[in-house]
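Read off the chains here:
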Protein chains: 2
Amino acid sequence: MTARTLHLNAFLMGVGHHEAAWRHPRTDPARLTDVRHYQRLARIAERGLLDSVFLADGLALQGNVRHNALGGLEPLTLLAALAAVTDHIGLIATVSTTYNEPFHVARKFASLDHISGGRAGWNIVTSASEAEARNFGIERPAHADRYARATEFLEVVTKLWDSWEDDAVVGDRHSGTYADTGKIHALDHQGVHFRVGGPLNTSRSPQGHPLLVQAGSSEDGKEFAARFAEAVFTAQQTLADGQEFYADLKARVAGHGRRPEDVLVLPGISPIIGSTEQEARRLERELEELIIPAYGLAQLAHLVGIDLPEEALDRPLPEVPLETEGAQSRRKLVIDIARREELTVRQLLGRLAGGRGHRVVTGTPEQIADQIQTWFENGAADGFNIMPPILPDGLERFVDHVVPELQARGLFRTAYDGRTLRGNYGLARPASRHAAGDAGERLGVAVAS
Amino acid sequence: MTARTLHLNAFLMGVGHHEAAWRHPRTDPARLTDVRHYQRLARIAERGLLDSVFLADGLALQGNVRHNALGGLEPLTLLAALAAVTDHIGLIATVSTTYNEPFHVARKFASLDHISGGRAGWNIVTSASEAEARNFGIERPAHADRYARATEFLEVVTKLWDSWEDDAVVGDRHSGTYADTGKIHALDHQGVHFRVGGPLNTSRSPQGHPLLVQAGSSEDGKEFAARFAEAVFTAQQTLADGQEFYADLKARVAGHGRRPEDVLVLPGISPIIGSTEQEARRLERELEELIIPAYGLAQLAHLVGIDLPEEALDRPLPEVPLETEGAQSRRKLVIDIARREELTVRQLLGRLAGGRGHRVVTGTPEQIADQIQTWFENGAADGFNIMPPILPDGLERFVDHVVPELQARGLFRTAYDGRTLRGNYGLARPASRHAAGDAGERLGVAVAS
C-alpha cells in the first residue's frame, strides 16, 4: 500500500475500560485472571486485522480493589500465552524502567519477539507512585531522575538487542561452528545508572528491536518519545488538542533527526457502540448507573493525586495546585475537563469513568468511523488506541461493525501484509549497530541448519 | 493411588543435553529459538504423562558459543507459551534470587500459575558467576551472602503469594464489592535485603504457591532445600551416592519439622536409548565423536572453575584445589569422577559431555527402566529428572518405550489424576498464612461471577 493507512491497537483491560465494566451484565469479572478470555480478545482483534494488542501495567495494587476488578495478570507472561494462539497481531507489554534491570527487560522482550515470530512491542513507562516505590524498598525517585534512568535504560537495552548481529548464528554442524563469535559483542557499558557487560544470552530476535512504544505526555515524556518511541499512545479530548499534540510531537521527532513518519501517534478512544445512537446511549447510561463514587474518588487520588472526600461529590472541583510530582500532564488534563465543562466532582467522575481521561465516543459504527476519519485526515492521529468499555463485547462490536466501515472508506487494511509488528505498523527493522554495510537490512534470522 | 508413585520431569535443554547434540544429524540447531520445538517437546512429555517440564537458566552468555548452541529463550516467557498448548503437565522455570526483586518474581510466577491453571513451578537458584555479576553492575556476592539473600527472598515471595486470601475476590456485581479488602494483606516486610510493602497486584493463584524446586547441593544449598523446596534436582553418579544424598536430605527435611515425603528427590539421568543395547551404544559413540574438546574445556572452566589448556587433554586431571567460591559441590563431583575412574582430561570431558556431571545410562528401554526402578526402590530417588541427549528424539524414545515399561511394572501413572503441578507430584496446596481455620485448604480460586 502506498496510501497512508490507519493503525489500530486494541488496549486490553480486564473486562473493559469503563470502571464499572465488571458490574455490567455483559461481562464476567471472574475472567480477570482467565487466560482464555485474553486469548479470545486477541483472536477477535486479529480477526479484525488490528495492528496490535496492548497491556498496561503497574507495580503495585493501586486504586480501590473493593470496588473494581484489580489484581490481574503480568503482561509479559500473558502476551507469551497470546502469541501461542495468534499469528499476525502485535503484542505490546508495559514494563517500567524504574524498578527493573536492563538485562532482564532486554532478554524477556527478545524472548517474546522470538516466541511470537517478531510481534513483540515494549510500552516503556517510568513508575511514579509511592505504592510502587514501597514494593521495591526505595524512595520514590524524582520525575527527572526517572527519565534520566529511563534514557540510559533504553541505551543499554538496545545495545543488548544489538549484541548479536543478525548473522552471528552460523549453525555449521560439519565444522562445529555454532556461532561466529566475531559477530557477538560485549557492551562494557559503564553509565551513571547501569554497568552491564553483555552480550545478551538470547540471540538477535526477528524484529531486531521489539517495537518501542511510549505514552508519557509530560515535557520529559514527550522528549523521550521523540527520541526513542516508534508509536505513541496519548490521551486527547478534542480535535484541536489532538492536532496540537500531533504537530508538537512530530516536530520534536524531526528535531532529533528522525523522520516524522517513523513515529506513529495513536490517541486513545473508548467507543461505546450501538446499532443505533439510542442503543449506544443506553449502554453508556447503563454503565454510568453502575459507577461507584468511592471508586472514582480513589482513582482520582491514585491517577492524578487529587484526594477528595465523598462530601465534595456535588460541588465543583476545588482549587488544586497544577504542579505535582508525577502524573502532572494527566492531572492537568483532568482539571481542564472539569473547568471547561463546569462539572461537579460527581460529573467529572462520570466523564473519567469511561476512559480515565481518554476520549469517549458514543454512537453508531458510522459515527465512530467519522470521528476516526476526521482525526486521521486532519493531522491529529496516525491511528487509534481502541479502549472498549466492556470486553469482549465492545471489541467484538468494533471489529464486526467499525472495522468494515473503515475498510469500506479505504482507510484500513483488508488483509495483513506481513507477520511482524513492525510490518503491521509499516516501520523499518533496525540494523544492529555492529552490522557492516547493508547486512543489518536483511530480514529474518540467519540460522543455517 | 495409595502406592508410592514414581515422578518424572523432562528437563528441556535446547536440542539436547549432550553437548554435541546440535551437531547430530537427528537434531536441528535452528530450533534453539523456535517456540514450536518446545511446544512439541511439552506435548510429547504430556503424552507420556510426565509430571512436569523444566527449563534451566543463567543470566549471562556463558560457555563457548563458538562450539555450542547457546543464546536461547527466557524460561518464564517460554513456559507461558507452552502453557497455552498443554493441559496437565507442570511448567518449572529457573529464576535467580541474586539479581531479581521478590515483587517481580512473585508476580510472574503467580501469573504463570493463573495462565496454566495451576501448573507453575519455580526452580530457585542463586547466581554464582562473574559473568552474571557483570551484567548487573555489582560485585559477585559471596556464597553465604547469596543464600542469605535467597532465604529472605523466599520469605518475601511467599508472603506476597499469601497476601490475597483464597476468598478475597468476591465479585459481587450487585453490591459493587469486587474484593473483600479485609482478606488482602499488606506485608510491610522490613528485612536485611528487602523492604516490600505489598500486597501483590495479582490475586492468589490456583496452587496458592507455585511449586518450589531447588537444586543446590552445597551445604547451604541442601539446608535451603530442606527448609523450602518441595522437589529437589540433584546430580548423583552412583547408587551409593544417591542413597546417601537421599537419606541426608530427608533427614534435614525432618530436622526442619517437615514430613520427609513432602520433599521429592529427583536425580538427573540422561538416558541414551536404543531398541538394542548395540543401537544405544552406537548413538552414544556418534555423539562422542562429535565432541569438540575446546568446548568441553570451556565448560569445565565455566561450570566448575577448572581452567585448562588444550595441552592438558591427554594427561590426568592435574591437582586442583577442592575449595572455590561457587559451584563447589559440582566441582567435587567432577574431580571425584576423574579420580575414581582414572580418566585423562579428554576422557573426563567425554564423561561430562552427556550430562554435565549427571548420570548417563545407555541401553534398551528395559535396561533404563531397571536403573530407574533400582534407585526408586532402594532409597535413592522419588523420581527422576530426565535429560535426553538429543531432542526431540530422545524424549520421544523415553515416552514411547521407557514410560510403557515403567507402567507395565506398576511404577508410573497411566492417567493424570488432576490438573495442577502439585496434583501431579502429590503435594498439598499451601494455605495462606492469613487464612482462618481450614479456609486455606479449599481448592480453586473463589471468584463468584
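As annotated in an unreviewed UniProt entry, chain A carries the name LLM class flavin-dependent oxidoreductase and is attributed to Sphaerisporangium rhizosphaerae. Quoted straight from UniProt, the Sequence similarities (unreviewed entry) entry for chain A says "Belongs to the NtaA/SnaA/DszA monooxygenase family."

1. A look at the overall build of chain A
Secondary structure summary: chain A contains 14 helices and 13 strands in total. Over its C-alpha trace chain A gives a radius of gyration of 22 Å, about what one expects of a compact globule, namely 22 Å for 449 residues. Considering chain A as a whole, with its 449 residues, one finds that 63% of them fall into the buried category. For chain A, restricting intrachain contacts to residue pairs at least 6 apart in sequence, the fraction spanning at least 24 positions comes to 77%. Surface summary for chain A: the accessible area is close to 15900 Å², and the carbon and sulfur share equals 47%. In chain A, the 48 positive side-chain charges and the 59 negative ones have mean positions that sit 2 Å from each other.

2. Observations concerning the packing of helix 9 (residues 293-304) of chain B against helix 11 (residues 345-353) of chain B
All names here are of chain B. As a packed pair, helix 9 and helix 11 sit with axes 10 Å apart at the nearest point and diverge in direction by 80°. When the axes of helix 9 and helix 11 are compared, the pair comes out roughly perpendicular. Facing helix 9, whose interface residues are Pro293, Gly296, Leu297 and Leu300, helix 11 presents Val345, Arg346, Leu349 and Leu352. Its residues assigned to classes, the contact of helix 9 with helix 11 shows 6 nonpolar, 1 polar and 1 charged.

3. Here we look at the packing of helix 2 (residues 75-83) of chain A against helix 3 (residues 102-115) of chain B
Closest axis-to-axis distance for the helix 2 of chain A/helix 3 of chain B pair is 8 Å, and the angle between their directions is 30°. With respect to helix 3 of chain B, the axis of helix 2 of chain A lies roughly parallel. For the pair helix 2 of chain A and helix 3 of chain B, the crossing hand works out as right-handed. Taken together, the residues of helix 3 of chain B that come into contact with helix 2 of chain A (itself represented by Pro75(A), Thr77(A), Leu78(A) and Ala81(A)) are Arg107(B), Lys108(B), Ser111(B) and Ile115(B). Classifying every residue of the contact of helix 2 of chain A with helix 3 of chain B gives 4 nonpolar, 2 polar and 2 charged.

4. Some details on the environment of Arg331(A)
Residue and element names in this part refer to chain A. Looking at where Arg331 falls in the secondary structure, it is placed in helix 10 (residues 328-340). What makes Arg331 buried here is its relative accessible area of 4%. Once the C-alpha coordinates of Arg331 and Ile306 are considered, the two residues, 25 residues apart in sequence, prove to be 8.2 Å apart. Of note is the side chain of Arg331, whose polar atom sits 2.7 Å from the backbone oxygen of Val304.

5. A closer look at the side chain of His17(A)
Residues and elements named next belong to chain A. Checked against the element boundaries, His17 lands in the loop between strand 1 (7-11) and helix 1 (35-47). Side-chain polar atoms of His17 contact the backbone oxygen of Phe11, separated by 2.8 Å. Among all residues touching His17, those that are not within four sequence positions of it are Phe11, Ala353, Gly354, Arg356, Met387, Pro388 and Pro389.

6. A look at helix 1 (residues 35-47) of chain B
The periodicity of an α-helix, 3.6 residues per turn, causes residues three or four positions apart to be oriented the same way. Here helix 1 of chain B contains 13 residues, and its C-alpha end-to-end distance of 18 Å stays within 8% of the 18 Å for a straight helix at 1.5 Å per residue. Every buried residue of helix 1 of chain B is listed here: Val35(B), His37(B), Tyr38(B), Gln39(B), Leu41(B), Ala42(B), Ile44(B), Ala45(B) and Glu46(B). At its buried positions, helix 1 of chain B is contacted by helix 3 (102-115) of chain A together with strand 1 (7-11), strand 2 (52-55), helix 2 (75-83) and helix 13 (393-408) of chain B. Looking at the residues trailing helix 1 of chain B, positive phi occurs at Leu49(B), about 60°.

7. So, the pattern of salt bridges
Residue and element names in this part refer to chain A. In total, this model carries 68 salt bridges over all chains according to the counting rule given. Residue Lys183 pairs with Asp167 through a salt bridge whose shortest N-O separation is 3.0 Å. One end of the pair, Lys183, is in the loop between strand 6 (177-179) and strand 7 (189-190); the other, Asp167, is in the loop between helix 5 (143-161) and strand 5 (169-172), with 16 residues separating them in the sequence. Owing to a relative accessible area of 25%, Lys183 belongs among the partly exposed residues under this scheme. Take Asp167: its relative accessible area is 19%, and that puts it in the buried class.

8. Some details on the relation of the copies chain B and chain A
Take chain B, turn it by 180°, move it 0.0 Å along the axis, and it overlays chain A with an RMSD of 0.0 Å. Taken together, the turn and the small shift mark the pair as related by a two-fold rotation axis. Closest approach to the rotation axis among the C-alpha atoms of chain B is made by Ala81(B), whose C-alpha sits 2.2 Å away. Residue by residue, 100% of the interface of chain B is reproduced at the interface of chain A, so both copies engage with the same surface.

9. Describing the interface of chain B and chain A
Taken together, the contact pairs 73 residues of chain B with 73 residues of chain A. Note on chain B versus chain A: buried area summed over both sides is about 6000 Å², and carbon and sulfur give 57% of it. The salt bridge partner of Glu74(A) is Lys108(B), with a shortest N-O separation of 3.6 Å. For the interface between chain B and chain A, the tally reads 38 residue pairs in polar contact (both at pLDDT 80 or more). Among the secondary structure elements, those contributing two or more residues to the side of chain B that touches chain A are helix 1, helix 2, helix 3, strand 5 (169-172), strand 6 (177-179) and strand 8 (195-196) of chain B.

10. Focus: the confidence of the model for chain A
On average, residues of chain A score 93 in pLDDT, and 95% of them are at 70 or above. Confidence over residues 438-449 of chain A falls short of pLDDT 50; this stretch has 24 contacts with residues more than four positions distant or in other chains.

11. Some thoughts on the packing of aromatic side chains
The tally for this structure, following the rule as stated, stands at 24 aromatic pairs over all chains. Residues Tyr147(B) and Phe224(B) carry aromatic rings whose centres are separated by 5.9 Å and whose planes lie at 65° to one another, so their mutual orientation is edge-to-face. In this pair, Tyr147(B) sits in helix 5 (residues 143-161) while Phe224(B) sits in helix 6 (residues 219-228), placing the two residues 77 residues apart along the sequence. The exposure classification of Tyr147(B) matches that of Phe224(B), with both residues buried. One aromatic cluster is present, built from ring pairs that chain together Phe109(A), Trp122(A), Phe153(A), Trp161(A) and Phe194(A). It is Arg4(B) that lies over the ring of Phe376(B); its NZ or CZ is 3.9 Å from the centre.

12. Observations regarding the side chain of Ser111(B)
Topologically, Ser111(B) is positioned in helix 3. A relative accessible area of 0% places Ser111(B) in the buried class. Beyond its immediate chain neighbours, meaning those up to four positions away, Ser111(B) contacts Leu73(A), Glu74(A), Thr77(A) and Thr202(B).

13. As for the environment of Leu317(A)
Residues and elements named next belong to chain A. Secondary-structure assignment places Leu317 in the loop between helix 9 (293-304) and helix 10. Sequence-wise, Leu317 and Gln278 are 39 residues apart; in three dimensions their C-alpha atoms are separated by 30 Å. Sequence-distant contacts of Leu317, defined by excluding residues within four places in its chain, comprise Ile306, Leu308, Ile335, Ala338, Arg339, Leu343, Val345 and Leu348.

14. Description of the pairing of strand 13 (residues 383-386) of chain B
Residue and element names in this part refer to chain B. Residues Gly383 and Asn385 of strand 13 are buried on one face, and the alternating residues Phe384 and Ile386, pointing to the opposite face, are buried as well. Bridge count for strand 1 against strand 13 is 4 bridges, and the pairing is parallel. Considered in strand 13, the bridge of Leu8 is made with Phe384. Direction of pairing for strand 11 (residues 264-273) relative to strand 13: parallel, over a ladder of 2 bridges. The residue bridging Gly268 from the neighbouring strand is Asn385, located in strand 13.

Cut-offs used in this document
Residues numbered from 1 in each chain as written. Chains lettered and ligands numbered in written order. Predicted model: local features only at pLDDT ≥ 70, side-chain atom pairs only at ≥ 80, totals over all residues. Heavy atoms only, no water. UniProt positions renumbered as here; feature names shortened; annotations may be inferred. Helix = DSSP H or I, 4+ residues; strand = E, 2+ residues; numbered from the N terminus. Rg over C-alpha atoms; globule rule 2.2 N^0.38 Å. Buried < 20%, exposed > 50% of the residue type's maximum accessible area, 1.4 Å probe, protein only. Contact = heavy atoms within 4.5 Å. Areas by Shrake-Rupley, 256 points an atom, 1.4 Å probe, with all protein chains shown as cover. Lys, Arg positive; Asp, Glu negative; His and termini not counted. Charge placed at Lys NZ, Arg CZ, Asp CG, Glu CD. Axes fitted to C-alpha atoms, helices over the stretch in contact; angles between N-to-C directions. Parallel < 35°, antiparallel > 145°, perpendicular 65-115°, else oblique. Nonpolar A, V, L, I, M, F, W, Y, C, P; charged D, E, K, R; others polar. Left-handed = near helix turned anticlockwise from the far one by under 90°. Polar contact = N/O pair within 3.5 Å; in protein donor to acceptor, adjacent residues only side chain to side chain. Expected span 1.5 Å × (residues − 1). Salt bridge = Lys/Arg side-chain N within 4 Å of Asp/Glu carboxyl O. Least-squares fit on C-alpha atoms with pLDDT ≥ 70 in both. Buried area = accessible area lost by both parts, 1.4 Å probe. pLDDT = per-residue confidence, 0-100. Phe/Tyr/Trp six-rings, centres within 6.5 Å; stacked < 30°, edge-to-face > 60°. Lys NZ or Arg CZ within 6 Å of the ring centre and 35° of its normal. Pairing = 2+ DSSP bridges.

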